[in-house]
Amino acid sequence: MIKEHIEAVTIAGNDSDGSAGMPADLHAFYARSVYGMGILTAAVAGNSQGIFAQELMPVDFIKKQFEVLNDDFEIKAVKTGMLANKEIIHAVAEELKNVKWPNVVLDPVIITKHGATLLSDDAYQAFLDELLPLATIITPNFYEAQKLTGLELKDEEEIKRGAQMLQNMGASNVLIKGRHDGNQDQVKDYLLLSDSSEKWFTKPYFKTDRVNGTGDTLSAVITAELAKGNSVEHAVEIAKDFTYEAISHPINVGSKWGPINHLKAQEEMNN
């Protein structure tokens, strides 16, 4: 007898070195026993030292990927990643409304963990107007949360206020990831749920340059766990544990900014 498998999809760019974007999402789906599919929005030529070129997918091709997947699969959750311009953001938002896939995890690839801006102003506005209201949960990093809220997020009360602002902008649940500045003992993430309950998630800070794909992985594990039927809170808890294990067991791949260790995280979480 063939066992049915839970299916989830990532809408993202492909990083050629396998460390981030769609490869990281698919690694995470697999590690959490979810069958992963991908809607390709861009292809990036990069390695552990940097990104050297990229090609964006035509909007019609992106839409066709939605169509053929929706025709054939029972997708239980969806994650967004790199959506490079206004036209792609509009197309993705339009198709998400058409296909009505549940559990939309919005990973706002707006600003890198190092503070570099990735979206033009018109694309950013399209993100706010069209994608944010579709989010079951939005998972900004510290800099993205600053951009989205206009706040410094200098203390816990301001982080809570920022999360409430994001809910008021349309996201059902909000996870604001803590700052990683290298001068800390812990990383604290804040979760505000749709029923107004809240929770802080705290992990030790692990100093390493093997951090590519960290945000992708966290959001992808949340996606996988929501696809399984877990609550948002439980999905975030599992994702935090998994990502910490992946970071805290570095692997020697590449010469500079290496990937995190999905294989070890899978092993540790299964013990």
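Residues numbered from 1 in each chain as written. Predicted model: local features only at pLDDT ≥ 70, side-chain atom pairs only at ≥ 80, totals over all residues. Heavy atoms only, no water.

1. Some remarks on helix α4 (residues 121-131)
Working note: α-helix, 3.6 residues per turn, so residues spaced by three or four point in the same direction. Applied cut-off: When a residue's accessible area, from a 1.4 Å probe over protein chains only, is under 20% of the maximum for its type it is buried; when over 50% it is exposed; and in between it is partly exposed. Helix numbers and strand numbers start at the N terminus; a helix is a DSSP run of H or I with at least 4 residues, a strand a run of E with at least 2. The contact definition used throughout considers only heavy atoms, calling two residues in contact when any of these lie within 4.5 Å.
Those residues of α4 that fall on the buried side of the exposure criterion are A123, Y124, A126, F127, L128, E130 and L131. Buried residues along α4 sit in contact with α3 (86-99), β5 (104-106), β6 (137-138) and α5 (142-149).

2. Concerning the side chain of T80
Within the secondary structure layout, T80 lies in strand β4 (residues 75-80). According to the relative accessible area criterion, T80 is buried, its value standing at 0%.

3. Digging into the packing of aromatic side chains
Rules: The aromatic pairing rule takes the rings of Phe, Tyr and Trp, using the six-membered ring of Trp, and pairs them if the centres are within 6.5 Å, calling planes under 30 degrees apart stacked, those over 60 edge-to-face and the rest tilted. Here, a charge over a ring is recorded when the distance from Lys NZ or Arg CZ to the ring centre is within 6 Å and its angle to the ring normal is within 35 degrees.
The final tally for this structure, using the stated rule, is 3 aromatic pairs. Summarising the aromatic geometry, the rings of Y190 and W200 are spaced 4.8 Å apart at their centres and angled 50° between planes, so their arrangement reads as tilted. Here W200 lies in strand β9 (residues 198-204) and Y190 lies in strand β8 (residues 186-192), a separation of 10 residues in the sequence. W200 gets classed as partly exposed once you look at its relative accessible area, which sits at 23%. Between K147 and the ring centre of Y124, over which it is positioned, the NZ or CZ distance is 4.5 Å.

4. Observations regarding the environment of L192
Positionally, L192 belongs in strand β8. The class for L192 is buried, based on a relative accessible area of 4%. The spatial distance from the C-alpha of L192 to the C-alpha of S172 is 8.9 Å, given a sequence separation of 20 residues.

5. A word on the sheet that holds β6
Selection criterion: The rule for pairing is simple: two strands pair if DSSP sees at least two bridges between them. Only the stretch in contact is used when fitting a helix axis, every axis being a line fitted to C-alpha atoms; angles between N-to-C directions are given from 0 to 180 degrees.
The 9 strands lie next to each other as β3-β2-β1-β4-β5-β6-β7-β8-β9, forming an open sheet whose pairing is mixed. Both outer strands of the open sheet, β3 (50-56) and β9, are each paired with one neighbouring strand and no more. Against the sheet, helix α6 (residues 156-168) contacts β7 (173-176), β8 and β9, and its axis sits at roughly 145° relative to β7.

6. So, the environment of G21
With respect to the helices and strands, the residue G21 is situated in the loop between β1 (7-15) and α1 (22-31). Under the relative-accessibility criterion, G21 is labelled buried at 11%. Separated by 97 residues in the primary sequence, G21 and L118 have C-alpha atoms spaced 14 Å apart. Residues in contact with G21, not counting those within four places in the same chain, are A12, G13, D15 and D216.

7. Observations regarding helix α2 (residues 59-72)
This is how it is decided: By this rule, a helix spans an expected 1.5 Å times one less than how many residues it contains. This arc is taken over the directions from the axis of the helix to the C-beta atoms.
Given a rise of 1.5 Å per residue, 14 residues ought to cover 20 Å, and the 21 Å separating the end C-alpha atoms of α2 matches this to within 8%. If you check which residues of α2 are buried, you get I62, Q65, F66 and L69. One side of α2 carries all its buried residues, which in axial view fall inside an arc of 95°. In α2, the exposed residues that point more than 90 degrees away from the buried face are D60, D71 and D72. Those residues of α2 that are buried lie in contact with β1, β2 (35-47), β4 and α3.

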